[in-house]
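Given next are the chains, with one letter for each unit.
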Amino acid sequence: MKKLFRILCAALALTAGTTVAALAAVDLLETGSSLVYPLMNIWVPSYTKAHGDVKITTQSTGSGTGISQAVAGVAQIGASDAYMSDAQLAKEKMLNIPLAISAQQINYNVPGLNDVHLNLSGPVIAGIYDGSIRFWDDAKIKSINAKYAAKLPHEAIIPIHRSDGSGDTFIFSQYLSFSTPSWKNGPGYGTTITWPAVQNGVGANGNPGMVQACQSTKYSIAYIGVSFLNETNKAGLGYAALLNRAGNFVLPTEPNIAAAANELVSKTPKDERISLIFAPGKNSYPIINYEYMIINPKQSSPQTADALKRFLAWALDQGQSKRYLDQVHFIPLPKSIVNLSKEQIAQISG
Amino acid sequence: MAASTIAGGAAKPRRPGVSPQDLVLRYGTTSCAVVTAATVFLVAAFLIVYSYPALRFNGLSILTGMTWNIGNQYGTGVERHGGFVAAPGASFGAVVFIFGTIASSALAMLIATPLAVLAAVAMHYRVPNRLKTLVNVLVELMAGVPSVVYGLWGIGVLVPWISNDLGPFLAARFPNSPLGGGAGSGNGLLATSLILAIMIFPIMAATMRDVISRFPKQTFEGAVGLGATTWQSVTSLVLPALKVPMFASAMLALGRALGETMAVLMVCGNALNLLPQNIFAPVNTIAAAIVSQLDSALTDPTGMAERTLAELALILFAITLSVNLVARLIMRGSDRVKRTA
Amino acid sequence: MSEMALQGAKARTRSRVGLTVRRNIGWGVSVLALCGALSILGAIFSFVLARGLPALRPKVFTTVTSGIAGGLENAILGTLMLVAFGVLMVAVIGFGTGIWLSSYASPKPREFVRLLTDVLAGVPSIVVGYFGYILLVKIAGWQFSLAGGAIALTIIMLPYVVRGTDLALESVPRELREGGFALGATYTTVLLTISWPYALPSVLTMLLLATGIALGETAPLIYTAGWSNYMPTWQLTHAPVPYLTYVIWTFISQPFAQSHALAYAAAAILMLMIVVTNVLARSWLESLARKQHGAR
């Protein structure tokens, strides 16, 4: 009886102990970009296993929601594929801290050409999406694809765009804006833009929706985040080599993405708000971007600020290792950017 | 006996409606009704107050404009109108959403209502007694399928079927009609209407089955005794008598169709800035547009995009209200005709 | 047989044949409609099960959602809590309003409140969610919470429960109620002992319908309950709550096969919950009916 009593006391003490520890744990909420959500989901379990005093919940809601809820204080980390604009920052002083670099590929579904890489350029893609280039065997497409000119079919191109507000649309439309003056003065760029009304143009929801739509619609073209490269390959979609600022057609490989990032490292300002689209450099892949964490420098309590800073520091350190980033085809931040981010993190207080 | 127990046993009979329990019941239920009404008013008030800047900024152009443009978020300057500002170049037009909402809901009701009534008839009169509970549970289960799951099934099964099988079939038979023209990707008005019809079907079928099963047996048997077949009794006696519950469940179903968000979002094709040419073309509904545009709207520092989405919700509120009022007038009109005739 | 009699006989046979044909077509279409609906249900069920089965291991019930997959323990409990609170609130308010509509309301307020509830049914779930977000999460300062999510679900379910109770009580035969009054019973007694038991099956049908709809809602909860990767507590405010529909909506968009399998597993579990709720409610109703019959 006495032994049982002692065991019960021990069990009670243990549960009380863990409960106390659990109660003392800090709760962090990350919400926002669906592009960086897979990476957060790979980071967080690894981090929380080693640090039991913090509970991090991740949520995929969209870049705009991430920014808005971080500003409102409902979430501690707002993940966004786009940095905040000047107008947004004027309303609320927030830190835009890059934690990773992602990229985007242009996928297409042209039977017979899905296993090779067609060459495409900003002006050509802009022409497809505004309806001025209507068929796959258009002269403009043929002129940059001498190798496959004969195999290009006379079929109408079906441009697929994102119907929900998205960071993918932001970086895609930025590429078109930076490379094509007519697009810059027309639809411009943003997480949602006024797509020119093209016959057969389709709107899809989310990256999986883009993959699905491209796969089931022959002769379609779509822009899809690089974390979905495995999915698009599985679906049998081809992806293009894009014309970069230096005039070369490059594929979204790691070296090419890293080359683009490195070109703009020296130009990145202290607040790290810069577009990496259409970077100079002969190997630079033109559609890459920083994945930002939007964070309020004034947190609700010292414990929250402290837990937040430790997680961010880990993400900038161990989090940059290949075993995390490779699963989503992101590349690590260049060293100087890591330092800039660390300086921003130091501004967080509770 | 029961009488003496209820009356309290003694010689003095009680007047119904004045016991203390009755007062509690009366005031309790009245306060519940007040809460219900207040909730609706609160939602309406929220929408009106929140969208006020958008109402002033957009004016009537939102009902005639086809383009949805939240403006250049990264540009400089602002767009000024009606005393409020928006991002430069912003102009909000909701014609595409309004059309899609009304068209898809109308089509869905057209398909689902007769089928639901017929299925309810079958559920009561044709299903063998030992299977009745099972069938009833299964139909109610249809209402419990999450709308995201309907959306997933729509994307995975319905939309490819429309695109690969139905589209070419109809294009071959009716080449020069709204049914022809091929189905494109399959995401469009037809897919939306079909999914909505499937979703609202159980609301009407389960309710109708329930009220049909409560129809007085003597009345029914009387008709059969006079020589009517079961079918005649059902169509001429039971169904006309159940017009009121039928109407009520149809209004609830219509409400669900007008406001359905997730499933529609996934199969409608998310058309922006153009109206559909045939039933296969992509459409958009107010509810789906609110979800898909909300995230971008939140990036607008002027807040005008977010307010305009609230205005869209207000427009839907107005549409639902008008449809309900018109339907009630029609019902009352037909009753009056019957009585004078 | 005279000419007229022959004509008459022919006409009667024609109309009888016409009647028979119409009758058969009528029954045929009815049964077809029912079978069609049930086969669609079957198709959806098999669609979900086929894809969710790989993730439906016992482990899924004992681990929380973490990383790109994990389990559903937190989401299942969260869904149960949110819906339980919601159903409790909607039962009180909905039954009360329905009783008021059928027993106490004068014609004009009655039609007015009925109109209001029908209009409420048309408010999109995202609008209810955003309404809850602005009012409860931001203005009231509750942050993501159990209370906020439950209130959002209550608003969604309210029209169905109100109208269901209203219709059910309206359908109670007048003779039954008048009999009660004639025996000297009070309003409350008539309601509780005569009208309510008679109306209960119909009321329950609508309540189960509403519960099913609430279980399947996503948008209102994303903006009021938020999401949590951890087990929910009984804290009413300032603590986000996990729920199954979030997993379905979000994990289906992930580029990982395990995430998809978990999403479909969540869908399968959700549908199972609705079946169980339905079956339990109906068997409870049947045992209640048996007790009533036994007492008599």
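Note that the structure is a prediction, hence the values are computed from the model and not measured.

Novice: Hey, could you go over the overall build of chain B for me, with residue numbers and the actual values?
Specialist: Along chain B, the regular secondary structure elements total 13 helices and four strands. Rg of the C-alpha trace for chain B: 26 Å, well past the compact-globule value of 20 Å for 341 residues, more than 25% over. Summarising its shape, the C-alpha atoms of chain B cover approximately 85 × 60 × 40 Å along the three principal directions. Going through the 341 residues of chain B one by one, you find that 51% of them count as buried. The long-range fraction of contacts in chain B, counting pairs at least 24 apart against all pairs at least 6 apart in sequence, stands at 75%.

Novice: Give me the overall build of chain C: which residues, what numbers.
Specialist: Scanning chain C from N- to C-terminus turns up 10 helices and two strands. The C-alpha radius of gyration of chain C comes to 25 Å, more than 25% above the 19 Å expected for a compact globule of 296 residues. C-alpha extents for chain C along the principal axes are approximately 90 × 55 × 40 Å. In chain C, which comprises 296 residues, the share counted as buried stands at 54%. Considering only intrachain contacts with a sequence separation of at least 6, the fraction spanning at least 24 residues in chain C is 76%.

Novice: Please give an account of the domain arrangement of chain C that cites residues and values.
Specialist: All names here are of chain C. Partitioning chain C into structural domains gives domain 1 (3-53) and domain 2 (59-295). Placing a centre on the C-alpha atoms of domain 1 and another on those of domain 2 gives a separation of 35 Å. Taken together, the five residues of domain 1 in the interface contact seven residues of domain 2. Considered class by class, the residues forming the side of domain 1 that touches domain 2 number three nonpolar, one polar and one charged.

Novice: Which residues make up the interface of chain B and chain C, and what values go with them?
Specialist: Counting from both sides, the interface comprises 78 residues of chain B and, opposite them, 79 residues of chain C. Looking at the side of chain B that touches chain C element by element, the count peaks at 16 residues for helix α2 (residues 20-58) of chain B. Here the residues of the side of chain B that touches chain C are counted per class, giving 52 nonpolar, 18 polar and eight charged.

Novice: Outline the sheet that holds strand β11 (residues 249-250) of chain A, supporting the account with residue identities and numerical values.
Specialist: What links the strands of a sheet is backbone hydrogen bonding, and the strands pair in either a parallel or an antiparallel sense. Residues and elements named next belong to chain A. Taken in spatial order, the three strands line up as β5-β10-β11 in an open sheet, and their pairing is mixed. A single partner strand is all that each edge strand has here, and the edge strands are β5 (119-120) and β11. For strand β10 (residues 241-243) and β11, the ladder comprises two bridges, and the chain directions are antiparallel. Residue pairing in the sheet places Leu243 in a bridge with Phe249 of β11.

Novice: Tell me about the interface of chain A and chain B, and please be specific about residues and values.
Specialist: The parts lose accessible area when they come together, and the size of an interface is often stated as this lost area. With 29 residues of chain A at the contact, the number on the chain B side is 29 residues. Those elements that place two or more of their residues in the side of chain A that touches chain B are α3 (63-72), α4 (86-91), β7 (202-204) and α9 (206-216) of chain A.

Novice: Go over the pairing of strand β6 (residues 158-162) of chain A with me, naming the residues and quoting the values.
Specialist: All names here are of chain A. Among the five residues of β6, five are classified as buried, and the element is accordingly described as predominantly covered. On β6, burial covers both faces: Ile158, Ile160 and Arg162 on one face and Pro159 and His161 on the other are all buried. As judged from the two bridges shared by β6 and strand β8 (residues 220-225), these two strands associate in the parallel manner. Considered in β8, the bridge of Pro159 is made with Ile221.

Novice: Provide a residue-level description of the confidence of the model for chain C, including the pertinent values.
Specialist: Residues and elements named next belong to chain C. Mean pLDDT over chain C stands at 88; residues scoring 70 or higher make up 98%. Mean pLDDT across the elements of chain C ranges from a minimum in helix α10 (residues 257-295), with 83, to a maximum in helix α2 (residues 73-104), with 94. Overall fold confidence (pTM) sits at 0.86, and the ipTM for the predicted complex is 0.84.

Novice: Please give an account of unusual backbone geometry that cites residues and values.
Specialist: If you check the backbone angles, His329 of chain A has positive phi at about 60° while not being a glycine. Assignment of secondary structure puts His329 of chain A in the loop between α13 (322-325) and α14 (335-345). Backbone geometry at His238 of chain C places phi at a positive 60°, although glycine is not the residue there. Positionally, His238 of chain C belongs in the loop between α8 (219-224) and α9 (244-251). Judged by the 13 C-beta atoms lying within 10 Å of it, His238 of chain C is partly exposed.

Novice: Before we move on, could you go through the domain arrangement of chain B and cite the residues and values that matter?
Specialist: Residue and element names in this part refer to chain B. For chain B, the domain assignment lists domain 1 (19-91) and domain 2 (95-292). One C-alpha centre belongs to domain 1, the other to domain 2; they are set 30 Å apart. Taken residue by residue, the interface counts five residues in domain 1 and four residues in domain 2. For the side of domain 1 that touches domain 2, the residue count by class is two nonpolar, three polar and no charged.

Novice: Residues and numbers for the packing of helix α6 (residues 147-173) of chain B against helix α7 (residues 189-213) of chain B, please.
Specialist: Residue and element names in this part refer to chain B. Viewed as axis vectors pointing N to C, α6 and α7 meet at an angle of 135°, and their least axial separation amounts to 10 Å. One way to sum up the angle between α6 and α7 is to call them oblique. α7 is crossed by α6, and the crossing has right-handed handedness. For the pair α6 and α7, the contacting residues are Ser147, Tyr150, Gly154, Leu158, Val159 and Ile162 in the first and Leu190, Ala191, Leu194, Ile195, Ile198 and Met199 in the second. Within the contact of α6 with α7, the residues separate by chemical class into 10 nonpolar, two polar and no charged.

Novice: Outline the pairing of β8 of chain A, supporting the account with residue identities and numerical values.
Specialist: All names here are of chain A. Burial of β8 is extensive: six of the six residues sit out of reach of the surface. The alternating pattern of β8 places Ser220, Ala222 and Ile224 and Ile221, Tyr223 and Gly225 on opposite faces, both of which are buried. Of the strand pairs in this sheet, strand β4 (residues 95-109) and β8 are connected by six bridges, and their pairing is antiparallel. Looking across to β8, one finds that Tyr108 is bridged to Ile221.

Novice: Outline the confidence of the model for chain B, supporting the account with residue identities and numerical values.
Specialist: Residue and element names in this part refer to chain B. Residue-level pLDDT values for chain B average 85, and 90% of them are 70 or greater. At the level of individual helices and strands, chain B shows its lowest average pLDDT in helix α1 (residues 2-7), which scores 42, and its highest in helix α4 (residues 95-125), which scores 94. Note on residues 1-12: pLDDT is under 50 here. Beyond four places in sequence and across chains, it has 12 contacts.

Novice: Residues and numbers for the nonpolar core, please.
Specialist: Among soluble globular proteins, nonpolar side chains are generally buried collectively. One finds Ala119, Ile200, Phe201 and Ile290 of chain B together with Ile248 and Ala266 of chain C to be the most contacted residues of the largest nonpolar core, which totals 313 residues. Beyond its immediate chain neighbours, meaning those up to four positions away, Ala266 of chain C contacts Leu72, Ala75, Leu244, Val247 and Ile248 of chain C.

Novice: Residue-level account of the packing of helix α4 (residues 125-139) of chain C against helix α5 (residues 146-170) of chain C, with values.
Specialist: Residues and elements named next belong to chain C. Between α4 and α5, whose axes approach to 10 Å, the crossing angle comes to 140°. Here α5 runs oblique to α4, going by the angle between their axes. Crossing angle aside, the handedness with which α4 passes α5 is right-handed. Mapping the contact onto sequence places Ser125, Val128, Gly129, Gly132, Leu136 and Val137 in α4 and Gly148, Ile151, Ala152, Ile155 and Ile156 in α5. Of the residues contributing to the contact of α4 with α5, the split by class is seven nonpolar, four polar and no charged.

Novice: I'd like a description of α4 of chain B, backed by residues and values.
Specialist: The terminal C-alpha atoms of α4 of chain B, which comprises 31 residues, lie 45 Å apart, in line with the 45 Å expected from a rise of 1.5 Å per residue. Roughly 25° is the biggest bend found in α4 of chain B, and it falls at Ala112 of chain B, with proline Pro114 of chain B one to four residues downstream.

Scoring rules and cut-offs
Residue positions are given per chain, counting from 1 as you read along its sequence in written order. All chains are assigned letters beginning with A, and all ligands numbers beginning with 1, in the order in which they are written. Reporting of local features is limited, given that this is a predicted model, to residues whose pLDDT is at least 70; pairs of side-chain atoms are given and counted only at 80 or more, and all residues count toward the totals for whole chains, interfaces and linings. Runs of H or I in DSSP of at least four residues are treated as helices and runs of E of at least two as strands, each being numbered from the N terminus. The reference for a compact globule is 2.2 Å times residues^0.38; the radius of gyration itself is calculated from the C-alpha atoms. Counts of 20 or more other C-beta atoms within 10 Å of a residue's own C-beta define buried residues, counts of 12 or fewer define exposed ones, and intermediate counts define partly exposed ones; C-beta atoms are placed from the backbone. The contact criterion used is a C-beta to C-beta distance within 7 Å, with each C-beta placed from the backbone. By convention here, the domain bounds are inherited from an automatic or database domain assignment. Any residue that is not Ala, Val, Leu, Ile, Met, Phe, Trp, Tyr, Cys, Pro, Asp, Glu, Lys or Arg is counted as polar, Gly included; the first ten are nonpolar and the last four charged. For two strands to count as paired, DSSP must find a minimum of two bridges between them. Scored from 0 to 100, pLDDT records how confident the predictor is in each individual residue. Lines fitted to the C-alpha atoms define the axes, with helices restricted to the stretch that makes contact. Angles between their N-to-C directions range from 0 to 180 degrees. Roughly parallel refers to an angle under 35 degrees, roughly antiparallel to one over 145, roughly perpendicular to one between 65 and 115, and oblique to any angle outside these ranges. By convention the crossing between two helices is left-handed if the near helix lies anticlockwise of the far one by an angle smaller than a right angle, and right-handed if it lies clockwise. Any nonpolar core is a set of buried residues, restricted to Ala, Val, Leu, Ile, Met, Phe, Trp, Tyr and Cys, that join up through C-beta atoms within 7 Å. How far a helix is expected to stretch is found by multiplying one less than its residue total by 1.5 Å. What we call the bend at a residue is the angle made by axes fitted to the seven residues finishing there and the seven residues starting there.

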